[in-house]
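Architecture at a glance
Listed below are the residues making up each chain.
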Amino acid sequence: MHVVYPVVVSALLFSIGVYGVLARRNAILVLMSVELMLNAVNLNLVAFDVWLGDRLHGGQVLTLFVIVIAAAEVGLGLAIVLAVFRTRRTVDVDRLRALAEVARTPASARPEGEDAS
């Protein structure tokens, strides 16, 4: 098989992953899109390793490292998403832009003349 086919498939996978990161609002879907981009990189590494005929199989070894890093990233990312969900009750990325908690005071504790916003 020629090297162009896996490279084109890898470029398509990476493009879909970039679109998912930029367009999605759900943090879990963003993590899935990052995984898709890492899989595109893995496909490129293996394709070029086979195409170059590397005796040490450096591309395949790097692919194993990327898979290990991706597994750690998924575990850590899901832990962060769960922690954020427990405190904020949402995983919407747009609503999570402000990381500081806004202290809400009851209407009776507000000074006179202050609007309820």
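Procedures and definitions
Residues numbered from 1 in each chain as written. Predicted model: local features only at pLDDT ≥ 70, side-chain atom pairs only at ≥ 80, totals over all residues. Heavy atoms only, no water. UniProt positions renumbered as here; feature names shortened; annotations may be inferred. Helix = DSSP H or I, 4+ residues; strand = E, 2+ residues; numbered from the N terminus. Axes fitted to C-alpha atoms, helices over the stretch in contact; angles between N-to-C directions. Parallel < 35°, antiparallel > 145°, perpendicular 65-115°, else oblique. Left-handed = near helix turned anticlockwise from the far one by under 90°. Contact = heavy atoms within 4.5 Å. Nonpolar A, V, L, I, M, F, W, Y, C, P; charged D, E, K, R; others polar. Phe/Tyr/Trp six-rings, centres within 6.5 Å; stacked < 30°, edge-to-face > 60°. Expected span 1.5 Å × (residues − 1). Buried < 20%, exposed > 50% of the residue type's maximum accessible area, 1.4 Å probe, protein only. Polar contact = N/O pair within 3.5 Å; in protein donor to acceptor, adjacent residues only side chain to side chain. Patch = residues over 30% accessible without salt bridge, like charges linked within 9 Å, V, L, I, M, F, W, Y side chains within 5 Å. Areas by Shrake-Rupley, 256 points an atom, 1.4 Å probe, with all protein chains shown as cover. Salt bridge = Lys/Arg side-chain N within 4 Å of Asp/Glu carboxyl O.

Concerning the UniProt feature "transmembrane region" (unreviewed entry) in the protein chain
Those places that UniProt annotates as "transmembrane region" (unreviewed entry) correspond, in this numbering, to residues 6–22, 29–52 and 64–85. Taken end to end, residues 6–22 is 100% helix and 0% strand, and its two terminal C-alpha atoms sit 24 Å from one another. Measuring from the first to the last C-alpha atom of residues 29–52 gives 35 Å, for a span that is 100% helix and 0% strand.

Details of the packing of helix 1 (residues 4–23) against helix 2 (residues 27–52)
Put simply, helix 1 and helix 2 touch, their axes get as near as 8 Å, and they point 165° apart. The angle between the axes of helix 1 and helix 2 places the two elements in the roughly antiparallel class. In this structure, helix 1 crosses over helix 2, and the sense of that crossing is left-handed. Of the residues in helix 2, those in contact with Pro6, Val7, Val9, Ser10, Leu13, Phe14, Ile16, Gly17, Val18, Gly20 and Val21 of helix 1 are Val30, Ser33, Val34, Leu36, Met37, Ala40, Val41, Leu43, Asn44, Ala47 and Phe48. Looking at the contact of helix 1 with helix 2, its residues break down into 17 nonpolar, 5 polar and no charged.

Regarding the side chain of Asn42
Relative to the elements of secondary structure, Asn42 occurs in helix 2. If sequence neighbours within four positions are ignored, Asn42 has contacts with Thr63, Val66 and Ile67.

Some thoughts on the packing of aromatic side chains
Summed over the entire model, instances satisfying the criterion amount to 1 aromatic pair. Seen from their ring centres, Phe48 and Trp51 are 5.9 Å apart, and the 75° between their planes marks the pair as edge-to-face. Of this pair, Phe48 and Trp51 both sit in helix 2, separated by 3 residues, roughly a single helical turn.

So, helix 2
Since the α-helix turns once every 3.6 residues, residues separated by three or four places project in the same direction. Under the 1.5 Å per step criterion, the end-to-end length of helix 2 is 38 Å for 26 residues, consistent within 8% with the ideal 38 Å. Buried within helix 2 we find Ala27, Val30, Leu31, Ser33, Glu35, Met37, Ala40, Asn42, Ala47 and Asp49. Packing partners of the buried residues in helix 2 comprise helix 1 and helix 3 (58–88). Its side-chain oxygen at 3.2 Å from the backbone nitrogen of Ile28, Asn26 defines the N-terminal cap of helix 2.

Describing unusual backbone geometry
One non-glycine residue, His57, adopts positive backbone phi at about 55°. By the element assignment, His57 lies in the loop between helix 2 and helix 3. The phi dihedral of Arg89 falls on the positive side, at around 65°, and the residue is not glycine. Relative to the helices and strands, Arg89 is located in the segment after helix 3.

Quick notes on the environment of Val18
Structurally, Val18 can be placed in helix 1. With a relative accessible area of 29%, Val18 lands in the partly exposed category.

Let's talk about a nonpolar patch on the surface
On the surface, Ile28, Leu29, Met32 and Leu78 cluster together to form a nonpolar patch covering roughly 320 Å² of accessible area. Examining the composition of the nonpolar patch, we find that 3 residues originate from one element, helix 2, more than from any other. For Leu29, the location among the structural elements is in helix 2.

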